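Coordinates in review
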Amino acid sequence: MTLLEGSVGVEDLVLLEPLEQESLLKNLQLRYENREIYTYIGNVLVSVNPYQQLPIYGPEFIAKYWDYTFYELKPHIYALANVSYLSLRDQDRDQCILITGESGAGKTEASKLVMSYVAAVCGKGEQVNSVKEQLLQSNPVLEAFGNAKTIRNNNSSRFGKYMDIEFDFKGSPLGGVITNYLLEKSRVVKQLEGERNFHIFYQLLAGADAQLLKALKLEKDTRNYAYLNRKLSRVDGMDDASNFKAVQRAMAVIGFSEEEIRWVLEVTALVLKLGNVELEDEFQANGISASGIRDRRGVQEIGEMVGLKSEELERALCSRTVETAKEKVVTALSVTQAQYAQDALAKNIYSRLFNWIVNRINESIKVGTGEKKKVMGVLDIYGFEILEDNSFEQFVINYCNEKLQQVFIEMTLKEEQEEYKREGIPWRKVDYFDNGIICNLIEHNQQGILAMLDEECLRPGVVSDSTFLAKLNQLFSKHGHYESKVTQNAQRQYDHTMGLGCFRICHYAGKVTYNVDSFIDKNNDLLFRDLSQAMWKAQHPLLRSLFPEGDPKQASLKRPPTAGSQFKNSVAILMKNLYSKNPSYIRCIKPNEHQQRGQFSLELVAVQVRYLGLLENVRVRRAGFAYRQQYRPFLERYRLLSRSTWPHWNGGDREGVEKVLEELSISSEELAFGKTKIFIRSPRTLFYLEEQRRLRLQQLATLIQKTYRGWRCRTHYQLMRKSQILISAWFRGNMQQKRYGKIKASTLLIQAFVRGWKARKNYRKYFRSGASLILANFIYKSLAQKFLLGLKNSLPASVLDKKWPAAPYRCFSTTNQKLRQLFYQWKGKKFRDQLSPKQVEILREKLCASELFKGKKASYPQSVPIPFHGDYIGLQRNPKLQKLKGGEEGPVLVAETVKKVNRGNGKASSRILLLTKGHVILTDAKNSQAKTVIGLDSVAGVSVTSFKDGLFSLHLSEISSVGSKGDFLLISEHVIELLTRMYQAVLDATQRQLPITVTEEFSVRFKKGSVDVKVTQGPGGAEDSKLSCKKKGSRRLEVAV
Ligand SMILES: Nc1ncnc2c1ncn2[C@@H]1O[C@H](COP(=O)(O)OP(=O)(O)OP(=O)(O)O)[C@@H](O)[C@H]1O
Ligand SMILES: [Mg+2]
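Criteria and thresholds
Each chain carries its own residue numbering, running from 1 in the written order of its sequence. Chains carry letters from A onward and ligands carry numbers from 1 onward, assigned in written order. Local features are withheld for residues below a pLDDT of 70 in this predicted model, meaning they are given only at 70 or higher, and side-chain atom pairs are given and counted only at 80 or more; totals for whole chains, interfaces and linings count all residues. To obtain the side-chain values, all non-hydrogen atoms of the structure were included, while hydrogens and water were left out. UniProt positions are given in the numbering used here, feature names are shortened, and annotations may be inferred rather than shown by experiment. By convention in these notes, a residue is near a molecule or strand provided one of its non-hydrogen atoms lies within 4 Å of it. Any N or O atom pair separated by 3.5 Å or less is treated as a polar contact, with the protein-specific requirement of one donor-capable and one acceptor-capable atom, and with residues adjacent in sequence counted only for side-chain atom pairs. Residue exposure ignores everything except the shown protein chains as possible cover, and the areas themselves are Shrake-Rupley values with a 1.4 Å probe. Numbering of helices and strands runs from the N terminus; a helix is a DSSP stretch of H or I covering at least four residues, while a strand is a stretch of E covering at least two. Residues were grouped as follows: Ala, Val, Leu, Ile, Met, Phe, Trp, Tyr, Cys and Pro as nonpolar; Asp, Glu, Lys and Arg as charged; and all remaining residues, including Gly, as polar. Two strands pair under a simple rule: DSSP has to find at least two bridges between them. Angular values range over 0 to 180 degrees, each being the angle between N-to-C directions of two axes fitted as lines to C-alpha atoms, with helices fitted over their stretch in contact. Per-residue accessibility, obtained with a 1.4 Å probe over protein chains only, is compared with the maximum for each type, and a residue is labelled buried under 20%, exposed over 50%, and partly exposed between these values. Residues count as neighbours in contact if any of their non-hydrogen atoms are within 4.5 Å of one another. Within the patch definition used here, like charges are joined within 9 Å and nonpolar side chains (Val, Leu, Ile, Met, Phe, Trp, Tyr) within 5 Å, considering only residues with over 30% relative accessible area and no salt bridge. Note on definitions: salt bridges are taken to be side-chain nitrogens of Lys or Arg within 4 Å of carboxyl oxygens of Asp or Glu. Two residue types count as positive, namely Lys and Arg, and two as negative, namely Asp and Glu; His and chain ends fall outside the count. Taken as the charge location is NZ of Lys, CZ of Arg, CG of Asp or CD of Glu. Counted as donors are N, O and S atoms no farther than 2.8 Å from the metal, or 3.2 Å for Na, K and Ca; water is not among the atoms, and sites may therefore look incomplete. Note on aromatic contacts: the rings of Phe and Tyr and the six-membered ring of Trp form a pair at centre separations within 6.5 Å, being stacked when their planes are under 30 degrees apart, edge-to-face when over 60 apart, and tilted otherwise. Cation placement over rings: the criterion is NZ of Lys or CZ of Arg within 6 Å of the ring centroid and within 35° of the ring normal.

- Naming follows an unreviewed UniProt entry, where the protein appears as Unconventional myosin-Ia of Ceratotherium simum simum.
- Its UniProt record gives the protein the following Sequence similarities (unreviewed entry) comment, quoted word for word: "Belongs to the TRAFAC class myosin-kinesin ATPase superfamily. Myosin family."

What follows is the structure, given as structure tokens:
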């Protein structure tokens, strides 16, 4: 049966059928071959190293696992991280994730995946992101300094690491603390065949630019360094140079200053250079062997780099000061001793540097003490190791793994079964191997191997590794998990694999034979005081700070704790720490020894499955219950799922839990009610409960939201309503006030008008009504007066003076014009009034002349100033002529000498012309006989020229008595006067207006017919004398004037 459709094998080994080692292995193999590397045993995750990048990581998968619950998706490390994180965030339980497995099984990778998942899902924000970044970036730095290529793993962790990530109440990371365990420092000076020193050395040489290398006095070639394995410098798939850049970047992100980064690199370089210091035998007079330095250049370079006198370093390396309470004795060291000192110094410098780096990181990521925090610990410790030649390091590493297995047993198998017993739950016991006995063998305070080792180290007298082994043999001769040549011999066993200087421990994961060689030394971990003092004297701030015991003031003769006891203590602290937390397990399995993808070695995995106790794990799991919780917290968490317990429950906790579970109709097989706890068999039931709770929470949240929103809307509405009423009240009030104001103002105005009107009506008589009109009139009048008076003073002196003053205001301009007209008329009238009748007569004649000739005849203007004389021949003195005119007709109007143009030839002859009121009389000048008398009534018209000449034609009507002779063509010197008077005479006599035609061509009717007269102006003007008439033919007369 599978939880998910289409899953490969079973995803949870609890469901495996039949449950045997073989089927378990086959299931793992089947899944592995289908690239399913993760499998559950309940909440324990089994991970098989794929040795290839699988497409199951990254943000997309993180999001997926964040959204689903544990059993809804395929088994994954993200699911485990998710459960752990949620438990921390929501249930406020500190967590620890224990990652165990052999070297190369994938623990470090797993820890990084857990960290990256948690970093991706926990809170966000600038501050939080920088904390996350610092936590994540601690990995590359620690791996560079603490990991190395081994035969088993190209990136093997050579130190143990436990990292506490600390969160605030919201689940956002605040920082963390890293604890490191026992760095495998022997690697600094010596590596096995096919292994490398710590990565950083290779990274530094490959990645540093020329300038940095020069500053550190290093050369690029790794073969130049004695501490680096000369045969192996590169690891496939590992780019040391780019990793170096990444490490530098990571250090900067964590908060290392540039100076600190430089110091770290200088100290690293120092270790490399120290390895190259060659020691040689030196002659001493006393015959005791002594050592010296072959080539001082290296020492000098070191001295220059860290500010230390080279002699000082040389002395520290090649001699030793033994100090007692009383005296100081300096002894020379043999070459072997000096080399030992040299290596010890290198190892110490490096391991202390490593500790310093961890502390420095902790300083950056540490959290203030005041804050309440939740903790998630991730333990990635070196895996169980069985080498060909196992030494002290493997011993402590395996001890640590043994302890972790113990935690696993205690917290899963043992604790589980004991709890069932405590709670009175019916239970079938499952056998499992309890490794407490092995742990005891190693760590027992008085009778443990570590205690023996310490005792041996501290014991005065001759101590050596073999005395230590002898002690063990003696003490553990009967111990079931201890073996050595001696115990074997005693039991008559023959085992050629067991060396003389070896002992063997049957660890939970298998038997490991340890060579006791250098156990004592390594446990002592002593550094000659001369060396630490020399280091302390260096000017280099970091190097100096690594050796505080070198300070003579602090020097104490007390021995520092041994490496073994230190390790044991730190493991004890770790265990205490782990026990206080809610554990999650990742059991890493290595599928093959060759770091090959797709290879699944059944034997190798079988061993691991066995020692990891996976089968027992499944059995306990199957027999037991996946989840348990005390009634009170359980009820608190789930009581919202039942109507009887929510929102109030007054009964007991257990009854409450029963009620809740009953209401959810969870089958009784799934449940067991202990004394203090409720047990739930399958995780699915728990997930069901969780899911129900989630849904219910949503409902409740909606309810709260609904209620809150309702309340908010109501209060808001009420507030709005109140405000609206207030506003409208104010508005209406204001509007009415305004209206009232308007009405009042209007009323007042009307009242005022009416009152005014009434008052005016009543009191009109008292008023100077029309005062303004009067005033205006007055002003107008005064202006007019002023204008008129001014005009009066500047009137033109005579009619002929046309200069008339302009009107001062435009309103007077018409008046002014009129006045001007009046003035001139008045002036004219005045002039006329003073005239005598005679003068009037003269002027009337002149006026008539002007009407007749003005603008028509050229001689007119000359005639104007000359008064009409009338008599130009002295008629008074000529009685004959007087007789001619006939007395009854009154005075002669005109008497003058004219010329008559002859009709026949055009020649002129003088005649006297008399014009009376009734006639025109023409006489001969000599005989004063009236030749022709023409009644004015028979004068039909007159033609004159427009020139200055005096020619004129009298056209007679045909019926006249003289008409038979025809018209007269006459020339007069006073033609204007003559014709004017003739015109008046005709008018007076006949009431007829005499037609006077001004023309240059006219026809004159004569007796024989009419003659066309054409008058032309000659060049000489129009004097009579010059007037010449020429007859052209009988019908045409040309007159030149
Ligand atoms: N999940 C994985 N996906 C891909 N490769 C992996 C995975 N886990 C492990 N590996 C590969 O296996 C190698 C060894 O893994 P890792 O360094 O995590 O082992 P380890 O258990 O920490 O070993 P050690 O105890 O020596 O430190 C990694 O360098 C990587 O190449
Ligand atoms: Mg590792």
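Digging into the site of ligand 1
- Lining the immediate environment of ligand 1, one finds 19 residues, of which Ser103, Gly104, Thr108, Ser156 and Ser157 sit closest.
- Contact between ligand 1 and Glu109: an oxygen atom at 2.9 Å from a main-chain N or O atom of the residue.
- Interatomic distance of 2.9 Å between a side-chain N/O atom of Asn153 and an oxygen atom of ligand 1.
- Considered on its own, ligand 1 offers 620 Å² of accessible surface; in the complex 89% of this is hidden by protein.
- Those elements that place two or more of their residues in the shell around ligand 1 are α4 (107-121) and β5 (156-157).
- Looking at side-chain class alone, the shell around ligand 1 contains 4 nonpolar, 12 polar and 3 charged residues.

A few points about the sheet that holds strand β14 (residues 502-507)
- Sheet architecture is open: 3 strands sit in the order β13-β14-β15, paired in antiparallel fashion. Each having just a single partner strand, β13 (482-484) and β15 (510-515) make up the two edges of the open sheet. The average angle at which neighbouring strand axes cross in this sheet is 25°, direction not considered.
- One ladder, built from 6 bridges, connects β14 with β15; its direction is antiparallel.

Quick look at the UniProt feature "binding site: ATP" (unreviewed entry) in the protein
- Summarizing the sequence annotation, UniProt attributes the feature "binding site: ATP" (unreviewed entry) to Gly101, Glu102, Ser103, Gly104, Ala105, Gly106, Lys107 and Thr108 in the numbering used throughout.
- Examined against the element boundaries, Glu102 turns out to sit in the loop between β3 (95-100) and α4.
- For Glu102, a relative accessible area of 13% gives the class buried.
- Apart from the residues lying within four places of it in its own chain, the contact partners of Glu102 are Lys107, Gly383, Phe384, Cys588, Lys590, Gln608 and Tyr611.

Focus on a negative patch on the surface
- A contiguous patch of negative charge, built from Glu388, Asp389, Asp517 and Asp521, is present on the exposed surface.
- Inspection of the secondary structure puts Glu388 in the loop between β12 (374-380) and α14 (392-423).

Comments concerning the sheet that holds strand β17 (residues 627-630)
- Strand order across the open sheet formed by 3 strands is β17-β19-β18, with antiparallel pairing between neighbours. Both edges of this open sheet fall to β17 and β18 (671-673), since each of them pairs with a single strand only. Pairwise comparison of adjacent strand axes, ignoring direction, gives a mean angle of 15° for this sheet.
- Sitting on the sheet, helix α25 (residues 631-638) touches β17, β18 and β19 (677-680), and the angle it makes with β17 is about 100°.
- Relative to β18, helix α26 (residues 653-663) is tilted by about 165°, and along the sheet it contacts β18 and β19.

As for the coordination of the magnesium ion (ligand 2)
- All of the protein donors around the magnesium ion (ligand 2) are Thr108 (OG1) and Ser157 (OG); their distances to the metal are 1.9 to 2.0 Å. Taken together, the residues Thr108 in helix α4 and Ser157 in strand β5 connect sequence positions 49 residues apart.

What to know about the environment of Lys838
- Here Lys838 lies in helix α30 (residues 837-853).
- For Lys838, a relative accessible area of 65% gives the class exposed.
- Residues Lys838 and Val247, 591 residues apart in the sequence, show an inter-C-alpha distance of 147 Å.

Focus: the pattern of salt bridges
- Within the structure shown, the criterion is met by 48 salt bridges.
- Among the salt bridges present, the one from Glu385 reaches Arg158, with a minimum N-O distance of 2.9 Å. With Glu385 in the loop between β12 and α14 and Arg158 in the loop between β5 and β6 (160-167), this pair connects stretches of sequence that are 227 residues apart.
- The buried category is assigned to Glu385, whose relative accessible area is 3%.
- On the accessibility criterion, Arg158 (2% relative accessible area) is buried.
- Of the charged contacts in the structure, one is a salt bridge between Glu549 and Arg352, with a shortest N-O distance of 2.8 Å. Of this pair, Glu549 sits in the loop between α21 (541-546) and α22 (563-579) while Arg352 sits in helix α13 (residues 335-365); the two residues are 197 residues apart in sequence, bridging distant segments of the chain.

A short note on unusual backbone geometry
- Residue Pro647 is bonded to the preceding Trp646 through a cis peptide linkage, with omega at 5°.
- With respect to the helices and strands, the residue Pro647 is situated in the loop between α25 and α26.
- If you check the backbone angles, Arg492 has positive phi at about 55° while not being a glycine.
- On the secondary structure map, Arg492 appears in the loop between α18 (485-490) and β14.
- Residue classification places Arg492 among the exposed positions, given a relative accessible area of 76%.

With respect to the packing of aromatic side chains
- This model, assessed by the stated rule, comprises 32 aromatic pairs.
- Look at Trp66 and Tyr85: their rings are 6.2 Å apart centre to centre, the planes differ by 45°, and that puts the pair in the tilted class. With a gap of 19 residues between them, Trp66 in helix α2 (residues 59-67) and Tyr85 in helix α3 (residues 77-91) connect regions that are remote in the sequence.
- With relative accessibility at 29%, the residue Trp66 sits in the partly exposed group.
- Both rings, one in Phe476 and one in Tyr482, keep their centres 5.5 Å apart while their planes meet at 50°; by these two values the pair is tilted.
- The exposure class assigned to Tyr482 is buried, which follows from its relative accessible area of 2%.
- Following the ring pairs from residue to residue traces out a cluster consisting of Phe392, Phe395, Phe468, Phe476, Tyr482, Phe503, Tyr514 and Phe519.
- Taking NZ or CZ as reference, Arg196 lies 3.9 Å from the ring centre of Tyr202, over its face.

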